[in-house]
Amino acid sequence: MTASFGACIKQDPVPGDTDPSATDTSASMTDGPTTVEPTTDSTSDSPTETGEPGLPDDWDSELEPKPGTRLRPILRVADDGSKYLVAWQDTLLDVRCAFRSGADGVQRCYPEARGELEFGDASCTLPIVRDQNWSQAPSKILEVRNDNDLCNPGTFFRLGEPFTGTVHFGISGECQEIGQDPGYFMVTEVAPAEFVTATITPATGTSRIVPLILDADDGSRAIVGAWDREHAEHVAAGEGAEDLRWFGRYEPISVRLFGDAACSEPIGASACLPADETPGTARRFEWQGCEQKVLDRRRIVAQIDPQQVFRPSGDQCGSLDPQLFQELWSLSDVLTDDDFGLVTVHQIDGTRLGHILHGNPEGEPFLASAEFFDPELDSTCRFRQSGDQLACVPIDAAVLVNSYLDAACTQQIAYAAVDDNCPESPPQPAWAVGSSFDGSVQLLPVLASTPNWGGFRLDANDACIEDFEGPPGGSELVMFTVGEPLPAGAVAATDVVQ
């Protein structure tokens, strides 16, 4: 079993560039898994240390995550036997945690659960916290994010006794009363020093692309990513012009940003770059309709602090406020896809699902993608919460709702939200996913689009009644009719502490 778990938080898009996928280069494979033949091109994929090119390194001993004296791996185990690493259990603090880099660049296993902070006194000095997800059994430690710094971990609070007094919140320097509000707890702050720390280093090998190994101070250990030794950067599988390549995991991006008034010196910008990450390459692109066209990728020279940033506007080269960008980088020569390592794609088969793994150009698989191919659906799927269950559902599935077109409640409706950036390309899902009253996952094929939301629904006794509520607001939706449930259903999974 090959394990992978992201050790760094996903970045936010650069202000003004509005590219939500700019820093998440994991490939989305929609045509089922294929195996890319290992490359023999010694020019682009040659090792950077002595060793014979073309021979894979042996990382079999690293494929299973190893527990430590305090941390235990949490594996997502599917009903068909498929499994992969999703988090860790801190047995000392009795919380589920994931490794992230703090503002000081130190990797720590921070608790995953989020909380909402208010105050238990009229001066807004007594913090109280409740579980953001209203869990029946909230985590013993909750993270409250700092709205002014969403790039780094927030403040962590250990829950104490339930709070039963009057809740207050602070706004614009004033402390205002909310009233009685259930679910809050008295808390004490937890210092970062209480969490397990780790280092992340490239594995030893002769290959250009090698695993990134996380070594925690309690002895736990796991593969958490991939490293390109030629470009000296953390990489992830991404779509190239013709195949998957190992592109920078934290690429500075640019929608035609320049460092000079003639718009001749391209630069890259990054937001929320973890303090322990140093990118080696950058990506420049432009929007064509709702499609993103990559102009080129370039090597990074150095981080810069220019007084001005420029962008072409028509025939002019206009200036932008450099304060819009958290980090700016000077760039050098243009790179082609051949300058990046080829990703080989492999499967580990369960009794139904094929777990998609990414390997180096020599064909050695080592990094789990957290994507699976389900032959029953003829679709790639990911595990996500649906009702009371974790289920591997198609990535682009529509949302099944309790709404029907007819008074017998036989023609059910599903919907998908239209991307605001691509209104001319409405979604066309093949499957719809929802949950029934008993919490089980429902998986139904999409039949056709429909202009109607439906005027009927099933009540708690499965009686078909009129429904005057319309679709949820907030975004443009496309409605679909659906067919009979798939007999095989979706593959379910459970998170298990090893």
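Residues numbered from 1 in each chain as written. Predicted model: local features only at pLDDT ≥ 70, side-chain atom pairs only at ≥ 80, totals over all residues. Heavy atoms only, no water.

Visitor: Is there a simple way to think about the overall build of the chain in this case?
Guide: Assigned secondary structure in the chain consists of zero helices and 36 strands. Within the chain, the proportion of its 498 residues that are buried is 50%. Within the chain, contacts between residues separated by at least 24 positions form 61% of all contacts whose residues are at least 6 apart in sequence. On the chain, roughly 23100 Å² of surface is accessible, and the fraction owed to carbon and sulfur atoms is 48%. (Helix = DSSP H or I, 4+ residues; strand = E, 2+ residues; numbered from the N terminus. Buried < 20%, exposed > 50% of the residue type's maximum accessible area, 1.4 Å probe, protein only. Contact = heavy atoms within 4.5 Å. Areas by Shrake-Rupley, 256 points an atom, 1.4 Å probe, with all protein chains shown as cover.)

Visitor: Even after reading the chapter, I still don't get the pattern of salt bridges, so can you show me in this structure?
Guide: This structure, assessed with the given rule, holds 27 salt bridges. As a salt-bridge pair, Asp104 and Arg108 come within 3.0 Å of each other at their nearest N and O atoms. Look at Arg108 and you get buried, because its relative accessible area is 12%. Overlapping salt bridges bring together Arg76, Arg96, Glu112 and Asp495 as one network. (Salt bridge = Lys/Arg side-chain N within 4 Å of Asp/Glu carboxyl O.)

Visitor: Can you walk me through the environment of Gln412 in this structure?
Guide: Residue position: Gln412 is located in strand 30 (residues 412-417). Between the C-alpha atom of Gln412 and that of Thr481, which follows or precedes it by 69 residues, the distance is 6.0 Å. Among all residues touching Gln412, those that are not within four sequence positions of it are Leu400, Val401, Asn402, Ser403, Tyr404, Leu444, Phe480, Thr481 and Val482. From its side chain, Gln412 meets the backbone oxygen of Val401 in a polar contact 2.9 Å long. (Polar contact = N/O pair within 3.5 Å; in protein donor to acceptor, adjacent residues only side chain to side chain.)

Visitor: How should the nonpolar core be read in this particular structure?
Guide: Buried together is how nonpolar side chains tend to be arranged in soluble globular proteins. Counting 17 residues, the largest nonpolar core has Ile223, Ala226, Trp246, Val343, Phe366 and Leu367 as the members making the most contacts within it. Elements that contribute at least two residues to this core include exactly strand 13 (209-216), strand 14 (221-228), strand 15 (233-239), strand 16 (244-248) and strand 26 (365-374). Take this core: its biggest share by element is three residues, from strand 13. Setting aside anything within four residues of it in sequence, one finds Ala226 in contact with Ile209, Val210, Pro211, Leu212, Glu233, His234, Val235, Trp246, Phe366 and Leu367. (Core = buried A, V, L, I, M, F, W, Y, C linked by side-chain atoms within 4.5 Å.)

Visitor: Help me out: how do you make sense of the confidence of the model for the chain in this one?
Guide: The predicted coordinates of low-pLDDT regions are not to be read in fine detail. Looking at the chain as a whole, the pLDDT averages 85, with 88% of positions reaching at least 70. Scored below 50 in pLDDT, residues 1-54 shows 171 contacts in the model against residues more than four places distant or in partner chains. (pLDDT = per-residue confidence, 0-100.)

Visitor: Looking at this model, I keep getting lost on the pairing of strand 26. Mind explaining?
Guide: Consecutive residues of a regular strand have side chains that alternate between opposite faces of the sheet. For strand 26, a buried count of eight out of 10 residues is recorded, marking the element as mostly surrounded by other parts of the structure. The pairing of strand 25 (residues 354-359) with strand 26 spans five bridges and is classified as antiparallel. Residue pairing across strands places Leu357 opposite Ala368, the latter belonging to strand 26. If you look at the hairpin formed by strand 25 and strand 26, you'll find five residues sitting between the two strands, and Gly363 has a positive phi there, around 95 degrees. Inspection of the sheet shows strand 26 paired to strand 27 (residues 379-386) by three bridges, in the antiparallel sense. (Pairing = 2+ DSSP bridges.)

Visitor: Is there a simple way to explain the pairing of strand 4 (residues 107-111) in this structure?
Guide: Among the five residues in strand 4, five count as buried, and that is most of the element. Burial along strand 4 is two-sided: Gln107, Cys109 and Pro111 and Arg108 and Tyr110, pointing in opposite directions, are all buried. As paired elements, strand 3 (residues 95-101) and strand 4 share five bridges and run antiparallel to each other. Within strand 4, the position partnered with Arg100 by the bridge is Arg108. Taking the residues that link successive antiparallel strands as the turn, the strand 3-strand 4 hairpin has five residues, and the phi of Gly105 there is positive, at about 80 degrees.

Visitor: Explain empty space enclosed by the protein to me, please; I cannot follow it from the model alone.
Guide: Empty space among the atoms becomes apparent when a probe as large as a water molecule is rolled across them. For the structure shown, the criterion picks out two cavities of 30 Å³ or more. Taken as a whole, the second largest cavity spans an internal volume of roughly 30 Å³. Forming the boundary of the second largest cavity are Glu233, His234, Gly248, Arg249, Tyr250, Glu277, Thr278 and Pro279. Here the lining of the second largest cavity is composed, by residue class, of two nonpolar, three polar and three charged. (1 Å grid on protein atoms, 1.4 Å probe; cavity = no way out; pocket = protein on both sides within 12 Å on 5 of 7 lines; lining within 4 Å. Points joined across faces, edges and corners; volume = space filled by probe spheres on them. Nonpolar A, V, L, I, M, F, W, Y, C, P; charged D, E, K, R; others polar.)

Visitor: Explain the state of the cysteines here, please?
Guide: As used here, a disulfide is simply a covalent bond connecting the sulfur atoms of two cysteines. Under the definition given, this model contains six disulfides. Here Cys124 connects covalently by a disulfide to Cys175, the sulfurs 2.0 Å from one another. Because the sign of the S-S torsion sets the handedness, a value of about 85 degrees for the bond joining Cys124 and Cys175 places this disulfide among the right-handed ones. With Cys124 in the loop between strand 5 (115-119) and strand 6 (127-131) and Cys175 in strand 10 (residues 174-180), this pair connects stretches of sequence that are 51 residues apart. Under the relative-accessibility criterion, Cys124 is labelled buried at 15%. Here the bonded cysteines of the chain are numbered in sequence order, and their pairing is 1-2, 3-5, 4-7, 6-8, 9-10, 11-12. (Disulfide = S-S within 2.5 Å.)

Visitor: How should unusual backbone geometry be read in this particular structure?
Guide: Keep in mind that most residues, glycine aside, have a negative phi and that most peptide bonds are trans. The backbone of Asp94 sits at a positive phi, close to 60 degrees, despite the residue not being glycine. Position of Asp94 among the secondary structure elements: in the loop between strand 2 (83-90) and strand 3. On the accessibility criterion, Asp94 (39% relative accessible area) is partly exposed. For Cys272, which is not glycine, the phi dihedral falls at a positive 55 degrees. Structurally, Cys272 is set in the loop between strand 18 (267-270) and strand 19 (281-288).

Visitor: Honestly, the side chain of Gln107 in this entry has me stumped. Any pointers?
Guide: Structurally, Gln107 can be placed in strand 4. Take Gln107: its relative accessible area is 2%, and that puts it in the buried class. Among the polar contacts listed, one links the side chain of Gln107 to the side chain of Asp276, at a separation of 2.7 Å.

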